[in-house]
Amino acid sequence: MFSYKTYSSSSRPSSSSSSSSSCSSSSTISSNSLDSNGTQYDIVFAGGGTTACVVAGRLAEADPTLKILIIEAGSHTRDLPVHVQPARYFHNLVSGNALSMHKGVVSDALGGRAPVVPSGCCVGGGSSVNFAMYTRASASDYDDWEKLENPGWGSKDLIPLARKVETFQVEEGSPRTHGTEGPIKVSHGGCDTNIGREFLQAGTTWDKGRTSGSDTNDFRTINQYTPWYKYIDRNTGKRSDAAHHFIYNKEPSQSRNLHVLTDQRVVRVIFENRRAVGVEFISAEKNPQDKSLSEAQVVRAARLVVVSGGAFGSPAILERSGIGAKQHLAQANVEQTVDLPGVGENYQDHNLVIVPYLAADTSDSLEDVFSGDEKKIAPHLAQWTENGSGLLAHNSIDAGVKMRPSQEDLKELGPSFKNAWKGYFANAPDKPVTLICSLAAHMGAPPETYSKIFSIAAVSMYPLAIGYTHISSGTDPRAPLKFDPRFFENYADVAVMRWSYKHGRELARRMKSYRGELASGHPNFPESSAAAVVHNSSGPASASTPVIAYTPADDDAIDNYLRAKVSTTWHSLGTCAMKPRAAGGVVDSRLNVYGVYNLKVADLSICPANVAANTYNTALLVGEKAFLIIAEELGLRKVC
Ligand SMILES: Cc1cc2nc3c(=O)[nH]c(=O)nc-3n(C[C@H](O)[C@H](O)[C@H](O)COP(=O)(O)OP(=O)(O)OC[C@H]3O[C@@H](n4cnc5c(N)ncnc54)[C@H](O)[C@@H]3O)c2cc1C
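How each quantity is defined
- Residues numbered from 1 in each chain as written.
- Predicted model: local features only at pLDDT ≥ 70, side-chain atom pairs only at ≥ 80, totals over all residues.
- Heavy atoms only, no water.
- Domains from an automatic or database assignment.
- Contact = heavy atoms within 4.5 Å.
- Buried area = accessible area lost by both parts, 1.4 Å probe.
- Salt bridge = Lys/Arg side-chain N within 4 Å of Asp/Glu carboxyl O.
- Polar contact = N/O pair within 3.5 Å; in protein donor to acceptor, adjacent residues only side chain to side chain.
- Helix = DSSP H or I, 4+ residues; strand = E, 2+ residues; numbered from the N terminus.
- UniProt positions renumbered as here; feature names shortened; annotations may be inferred.
- Near = heavy atom within 4 Å.
- Areas by Shrake-Rupley, 256 points an atom, 1.4 Å probe, with all protein chains shown as cover.
- Axes fitted to C-alpha atoms, helices over the stretch in contact; angles between N-to-C directions.
- Parallel < 35°, antiparallel > 145°, perpendicular 65-115°, else oblique.
- Nonpolar A, V, L, I, M, F, W, Y, C, P; charged D, E, K, R; others polar.
- Expected span 1.5 Å × (residues − 1).
- Buried < 20%, exposed > 50% of the residue type's maximum accessible area, 1.4 Å probe, protein only.
- 1 Å grid on protein atoms, 1.4 Å probe; cavity = no way out; pocket = protein on both sides within 12 Å on 5 of 7 lines; lining within 4 Å.
- Points joined across faces, edges and corners; volume = space filled by probe spheres on them.

Observations regarding the domain arrangement of the protein chain
What the domain assignment reports for the protein chain is domain 1 (1–110 + 121–153 + 259–349 + 466–487 + 571–640) and domain 2 (193–228 + 351–366 + 397–460 + 489–565). The interface of domain 1 with domain 2 comprises 26 residues on the first partner and 20 residues on the second. A combined buried area of about 2,000 Å² lies between domain 1 and domain 2, and 55% of that area is made up of carbon and sulfur atoms. Of all residues in domain 1, Ala109, Met133 and Arg136 give up the largest surface area on contact with domain 2, accounting jointly for 23% of the area buried on that side. On inspection of domain 1 and its partner domain 2, the count reaches two salt bridges. For aspartate 144, the salt bridge identified is with lysine 431, shortest N-O distance 3.0 Å. At the surface where domain 1 touches domain 2, the tally comes to 13 residue pairs in polar contact (both at pLDDT 80 or more). Put simply, the parts of the chain that give the side of domain 1 that touches domain 2 at least two residues each are α4 (89–95) and α5 (139–147). Of all the elements, α5 adds the most residues to the side of domain 1 that touches domain 2, at five residues.

Here it is, written out as structure tokens:
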């Protein structure tokens with residue numbers, strides 16, 4: 001077992017990160033040491049990602065006397081170009097810096113692959129590394145949460161918080177659903193691309209069953225081709241993440257008692273008589289000499305411990321604290337203190353394929369900014385530095401559609417999807433089945449013969465796959481997790497992606513920039529098939545060109561391709577679900593962990609069910625709601 005060292009001003013950990021040492025150390029927010037006044041805080045956050053930043057930042061504003069500590073496994077992100085310049089997200093993804101990689105088990109459903117699901121690992125978590133795509137859930141998603149005995153979590157409660165959190169810098173947005181004064185900025189980004197415009201053009205001229213509009217993010221609109229907005233500040237061109245907009249932006253008067261300790265991993269929560277009184281943590285950096293993990297430290301929380309480690313980190317912290325299913329705890333030599341079999345179960349994500357198409361030389365592309373070559377990036381950097389515009393203030397994604405199938409589409413989706421449709425979608429008209437968008441970019445190595453590529457991404461919104469994540473070590477928070485997302489284990493999930501691939505392909509070949517298909521990024525159709533890959537094309541198909549006819553052999557080729565290619569959408573959630581304990585719940589509707597006191601979970605692990613959107617927005621809403629709950633319990637009535 002660990003020996004504890006309790007923090008005092010003379011026993012501070014040293015920073016293990018170069019990026020954190022490059023941050024200003026003038027305020028407690030940027031330094032990497034504990035409060036010199038002592039070891040006890042009012043509230044300690046285990047994890048400093050998206051949701052934690054919202055809750056801690058709001059609490060610090062509401063009561064600057066509250067002593068708050070955030071312990072984050074990753075490093076500081078303050079003013080670092082790789083985090084604040086939006087298009088650098090691709091670099092983060094390729095380098096794996098500021099990410100944790102979670103490797104799943106080898107799966108037959110994925111053609112023998114082991115899926116890898118990254119999550120954010122830095123101050124700001126996912127919000128500081130994500131693609132900055134702005135989409136919002138369907139109102140019925142939150143209403144479904146409320147029906148699971150979660151009063152106060154329905155759309156009528158959360159939509160006002162969605163307005164509160166954002167400033168929508170797009171003229172077309174309705175003030176009924178969009179905000180004008182919140183810290184998180186949403187805009188078109190630094191420019192728009194011809195690829196986005198062509199996608200909208202193809203959708204509205206060819207796809208007669210769907211409409212076009214300016215905003216599909218009012219929690220209700222679906223089946224509409226619209227511009228796709230971004231978490232980018234129109235005025236500065238900077239990423240609108242939770243770290244810079246809830247933590248690093250604080251005035252000294254609000255941040256004196258708000259402390260962020262980076263590069264440290266929380267091992268477990270410390271209890272006295274089932275009351276959470278602090279956490280134990282160790283350096284996040286694995287030191288080969290440190291076999292005993294003997295340098296564990298403890299910090300105390302007088303009023304509350306909030307576990308905010310995300311869908312992977314939070315269940316792991318609970319399990320190492322003795323909270324979970326006996327079988328999983330026993331395998332990691334952890335003594336069970338609370339029997340909560342739902343911990344680490346109910347893992348959910350979205351399925352993604354990004355399909356590449358050959359593009360005309362005149363097409364806009366983020367290939368230079370994605371290249372990582374600073375010489376190619378230089379002109380974009382100059383423009384961004386001058387006025388925050390251009391492709392560096394972009395994510396390549398300008399347009400999309402949330403798709404719900406027509407009767408004809410339902411035939412294509414086939415019998416495997418029938419029960420899902422009847423049970424989940426048929427009576428919820430605001431729920432899309434898939435989301436399709438264009439990218440002025442190629443998310444892979446550049447091909448040898450063509451320099452320009454655009455892509456079409458398809459994301460299924462409610463995969464039936466439900467996975468799990470559990471600890472493999474009871475003492476080492478750096479040990480890999482036992483993880484299986486179970487992607488594609490239900491054939492209906494494959495059918496949804498096959499339909500999405502076909503629809504996206506029809507759109508792509510009608511876009512003005514279309515010049516054919518990058519064969520390595522498409523199914524291996526028989527050469528004689530009418531569906532065979534088009535190696536090059538002089539231009540697009542017309543709107544009236546008949547759709548491609550696929551044979552059963554073609555469908556098999558698509559299925560095999562999807563099994564080989566499908567990936568995470570980085571939207572992990574659900575592993576400490578907010579629902580009744582008897583139904584496998586981990587937290588109640590006030591985010592309290594069942595069976596103990598003074599312990600809450602606040603992040604996307606609490607989602608009891610999936611949402612039809614990229615998940616940053618839901619993390620912001622969970623943060624705003626958690627703040628209201630905690631503020632009320634602390635008696636900060638002014639803000640409630
Ligand atoms: C690559 C990527 C691209 C994405 N793209 C988009 C997008 O374009 N649009 C969108 O809406 N959403 C996107 N998302 C999803 C979205 O960003 C996340 O769903 C959201 O940020 C999750 O918030 P969270 O608070 O639940 O967890 P996180 O933000 O992941 O925060 C959890 C934090 O806890 C820390 N932690 C974990 N365990 C410990 C421990 N033991 N001790 C200390 N710290 C710990 C982690 O390091 C992390 O910083 C993307 C995510 C990723 C990773």
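Now that the structure has been shown, we can carry on.
A word on the UniProt feature "domain: Glucose-methanol-choline oxidoreductase N-terminal" (unreviewed entry) in the protein chain
The UniProt entry lists residues 120–143 and 310–324 under the feature "domain: Glucose-methanol-choline oxidoreductase N-terminal" (unreviewed entry), expressed in the numbering used here. The span residues 310–324 carries 73% helix and 13% strand; its end-to-end C-alpha distance comes to 16 Å.

Some thoughts on the side chain of serine 127
Here serine 127 shows up in the loop between β5 (116–120) and α5. Excluding its chain neighbours within four sequence positions, the residues that come into contact with serine 127 are Thr50, Arg239, Asp241, Ala242, Ala243 and Tyr616.

Comments concerning the site of the ligand
The ligand sits among 37 residues. The nearest are Thr50, Thr51, Glu72, Val266 and Thr615. Within the backbone of phenylalanine 131, one N or O atom sits 3.1 Å away from a nitrogen atom of the ligand. Separating an oxygen atom of the ligand from a side-chain N or O atom of threonine 615 is a distance of 2.7 Å. For the ligand, whose free accessible area comes to 1,000 Å², the fraction covered by protein is 96%.

A short note on the packing of helix α7 (residues 194–206) against helix α16 (residues 491–508)
Relative to each other, α7 and α16 sit at 105 degrees, their axes nearing to 9 Å. With respect to α16, the axis of α7 lies roughly perpendicular. The residues of α16 that touch α7, namely those facing Phe199, Ala202, Gly203 and Trp206, are His503, Glu506 and Leu507. Partitioned by chemical class, the residues of the contact of α7 with α16 number four nonpolar, two polar and one charged.

Remarks on helix α2 (residues 50–62)
The terminal C-alpha atoms of α2 lie 19 Å apart, and with 13 residues this matches the ideal 18 Å at 1.5 Å per residue to within 8%. Most of α2 is tucked away, with 11 of its 13 residues classed as buried. For α2, the complete set of buried residues consists of Thr50, Thr51, Ala52, Cys53, Val54, Val55, Ala56, Gly57, Arg58, Leu59 and Ala60.

Let's talk about unusual backbone geometry
Residues apart from glycine generally show negative phi values, whereas peptide bonds are mostly found in trans. Phi at asparagine 223 is positive, roughly 55 degrees, even though this residue is not glycine. For asparagine 223, the location among the structural elements is in the loop between β8 (211–212) and β9 (224–227).

Focus on the layout of surface pockets
Its boundaries defined by the atoms lining it, the second largest pocket holds a volume of some 620 Å³. Lining of the second largest pocket is provided by 27 residues; of these, Leu352, Ile354, Met443, Lys565 and Ser567 occupy positions nearest its centre. Mapped by element, the contributors of at least two residues to the lining of the second largest pocket are α4, β5, β16 (351–359), α17 (552–565) and β23 (567–568). Considering each element in turn, the lining of the second largest pocket owes the most residues, four residues, to β16. Partitioning the lining of the second largest pocket into residue classes produces 18 nonpolar, seven polar and two charged.

A short note on the UniProt feature "binding site: FAD" (unreviewed entry) in the protein chain
Within the UniProt annotation, "binding site: FAD" (unreviewed entry) is assigned to Thr50, Thr51, Val266, Trp570 and His571. Considered against the second largest pocket, the annotated residues that line it turn out to be Trp570. Relative to the elements of secondary structure, valine 266 occurs in strand β11 (residues 264–272). Among the residues examined, valine 266 registers a relative accessible area of 7% and is labelled buried. Contacts of valine 266, omitting those with residues within four sequence positions, involve Ala46, Ile71, Val279, Glu280, Phe281, Ile317, Arg320 and Pro477. Ignoring sequence-local partners within four residues, the contact set of histidine 571 consists of Gln348, Asp349, His350, Ala613, Asn614 and Thr615.

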